[in-house]
Amino acid sequence: MLRGRTAASHYNSFRKFLLQTKPKIYSSHYPRGPTLTAAAVATTSLVGLTSVYIGYQRYYASSSSVTNAIHNKMSSNNTNNNMSSEPPLAAKDRTYPDHQHFIEVCPGFWNCRSKFVVKSLVNISSHMSLCRLENGAFVAIDVIDLGQMPPEAKKELDEITNRGEKLVAVVNTHSFHTMGIRPFHAQYPGIPSTRLWYGCPRHLREITTDGNDKEIVWEGGNLEDDKVRAALEPELSLKIPVGAEFNDPKPPDANHFSNVFVLHRASKCVHNDDCLMFIESIKSFGILASGLLWLGGVKPNTLTFHLSYKKALVDPLGFRDWLQCLLNEWDFDHLCTAHNGNCYGDAKKRIRELLEKKDKELESLAQNRAEGKMEDSKWSEGAWGGCEECECG
């Protein structure tokens, strides 16, 4: 047995094992051809990667050392000068310094992160935000199932909002982030002219009752309506991306690109679900998924578009121009994303850099669209396909 081996030694052995066994793994999935490339390794099925990892575990019988070695290697290879890991508002300066779930990241803006596990294996995470208005009232942006959180989470929300009395609006920004809507409405129901619920067109069509079988009245309105979004001005600004389907995205298990962007002007925080994803840590996805992401070149502390963007964008250049206009119009520093972290301090700079990096690709996508070459391409499996009823948060 190899109990005396170091973590680094286990990591190197795992990597060698992966390279030695990959022809056997892929032979059942792909026809014989040229030497396997790194891109092919990155796009292997999760089942294949699982088989490799289980085989390695059996061979060396040292799974904990392997896990730590891989995670440590990932971290050592991908360290960046990072402004984004800690909220800008120090704990001692927060309104509620002891809160562990609803974290005040900037004065007047709270974010709460929750687990969201797909395929019983991968935690892609989700979130909700809470903003304080000038009059002391609060608006919730997206909602999570508090019943799936530790009891302290609801206690914190009740403390912030005086048991919901100060919660005047609930804004649901993503068509497929729905798992929290029914249970949250059961706890904080819509109250005519007092607590307004806003939703996407799909919410209004399909979610009509809450967890107590009470009717959900979307009195706030449909966020696709410009006038409904404008009603939340000037303290909140809401924008829908140009270039992708928002009303009825298809296929529903993969086209999760578009959502409403929300800016809380006072805190300079932007809340966004899927369109932009800030990969704060790949460790939180779990060892198998994080290994796959790492092999695919995904690094921690990385901002990217939702993995469905290549198919979801019917007008790639329209989306590019829209996002550039948003960057010019909105004054913000921080970005809270559902999957799987928050970017603090330099969010606007990061988005500009992402646009510059993807500019040629977006132009190429637009050209392929114009020539009709996109019709036969496949939707990304990375769009969390296979989730319960297509929901992803």
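Definitions and limits used
- Every chain begins its residue count from 1, and numbering advances along the sequence as written.
- Local features are withheld for residues below a pLDDT of 70 in this predicted model, meaning they are given only at 70 or higher, and side-chain atom pairs are given and counted only at 80 or more; totals for whole chains, interfaces and linings count all residues.
- Where side-chain values are given, they derive from all heavy atoms of the structure, hydrogens and water being excluded.
- Secondary structure elements follow DSSP: runs of H or I of four or more residues count as helices, runs of E of two or more count as strands, with numbering from the N terminus.
- Only protein chains enter the area calculation, which uses a 1.4 Å probe; residues under 20% of their type maximum are buried, those over 50% are exposed, and those in between are partly exposed.
- Note on contacts: a residue pair qualifies if any of its non-hydrogen atoms lie within 4.5 Å across the two residues.
- All accessibility values rest on the Shrake-Rupley procedure with a 1.4 Å probe; residue burial counts only the protein chains present in the view.
- What makes two strands pair is DSSP finding at least two bridges between them.
- Salt bridges are defined as contacts in which a side-chain nitrogen from Lys or Arg sits within 4 Å of a carboxyl oxygen from Asp or Glu.
- Multiplying 1.5 Å by the residue count of a helix minus one yields the expected span of that helix.
- In this analysis, axes come from line fits to C-alpha atoms, helices being fitted only over the stretch in contact, and the angle between any two N-to-C directions falls in the range 0 to 180 degrees.
- As used here, the term nonpolar core means buried Ala, Val, Leu, Ile, Met, Phe, Trp, Tyr and Cys residues forming a set that is joined through side-chain atoms within 4.5 Å.

### Details of the overall build of the protein chain
Of the regular secondary structure elements, the protein chain holds 12 helices and 16 strands. Classification of the 393 residues of the protein chain by burial places 51% in the buried group. In the protein chain, 68% of the contacts between residues at least 6 apart in sequence involve partners at least 24 apart. Split by element, the accessible area of the protein chain, about 18600 Å² in all, is 51% carbon and sulfur.

### Points about the pairing of strand E15 (residues 334–337)
Of the two faces of E15, the one carrying His334 and Cys336 and the one carrying Leu335 and Thr337 are both buried. Summarising the sheet, strand E12 (residues 269–272) and E15 pair through four bridges and their orientation is parallel. Its bridge partner lying in E15, Cys269 is registered against His334. Alignment of E15 against strand E16 (residues 342–343), held across two bridges, turns out to be antiparallel. Bridge pairing in E16 links Cys336 to Asn342. Adjacent in sequence and paired antiparallel, E15 and E16 are bridged by four residues.

### A few points about the pattern of salt bridges
Under the definition given, this model contains 15 salt bridges. Asp248 is the partner of Arg205 in a salt bridge, and the nearest nitrogen-oxygen pair spans 3.7 Å. A residue pair is termed long-range when its members are at least 10 positions apart, and Arg205 in helix H7 (residues 201–206) and Asp248 in the loop between strand E10 (236–239) and strand E11 (261–264) qualify at 43 residues. For Arg205, a relative accessible area of 42% translates into the label partly exposed.

### Focus on helix H11 (residues 316–329)
In this model H11 runs 20 Å from its N-terminal to its C-terminal C-alpha over 14 residues, within 8% of the 20 Å that 1.5 Å per residue would give. All of the buried residues in H11 are Pro316, Gly318, Phe319, Arg320, Trp322, Leu323, Leu326 and Leu327. Residues of H11 that are buried sit in contact with E10, E11, strand E14 (302–305) and helix H12 (347–370).

### Observations regarding the sheet that holds strand E2 (residues 109–114)
In space, the seven strands of this open sheet follow the order E1-E2-E5-E6-E7-E8-E9, with mixed pairing throughout. Because the sheet does not close on itself, it has two edges, and the strands there are strand E1 (103–106) and strand E9 (221–222). Across six bridges, the pairing between E2 and strand E5 (residues 126–132) is antiparallel. What sits directly across from Asn111, in E5, is Ser129. Contacting E2, E5, strand E6 (138–141) and strand E7 (167–171), helix H5 (residues 151–161) crosses the sheet at an angle of about 15° to E5.

### Quick look at the nonpolar core
Counting residues in each nonpolar core, the largest one holds 28 residues, and the members touching the most others are Phe257, Phe305 and Phe332. Broken down by secondary-structure element, the contributors of at least two residues to this core are E11, strand E13 (276–279), E14, helix H10 (309–312), H11 and H12. No other element matches H12, which puts six residues into this core. Beyond its immediate stretch of four places on either side in the chain, Phe257 contacts Ala244, Asp274, Cys275, Phe305, His306, Ser308, Tyr309, Ala312, Leu313 and Phe319. Membership of the second largest hydrophobic core comes to 25 residues, among which are Phe109, Tyr198, Leu236 and Val260.

### Quick notes on unusual backbone geometry
Here Glu233 and Pro234 are connected by a cis peptide whose omega angle stands at 5°. Within the secondary structure, Pro234 is located in the loop between helix H8 (226–230) and E10. Positive phi, close to 55°, is recorded for Asn162, a residue that is not glycine. Inspection of the secondary structure puts Asn162 in the loop between H5 and E7.

### Here's the deal with the sheet that holds E12
Sheet architecture is open: five strands sit in the order E10-E11-E12-E15-E16, paired in mixed fashion. If you trace the sheet from one side to the other, it starts and ends with E10 and E16, each paired once.

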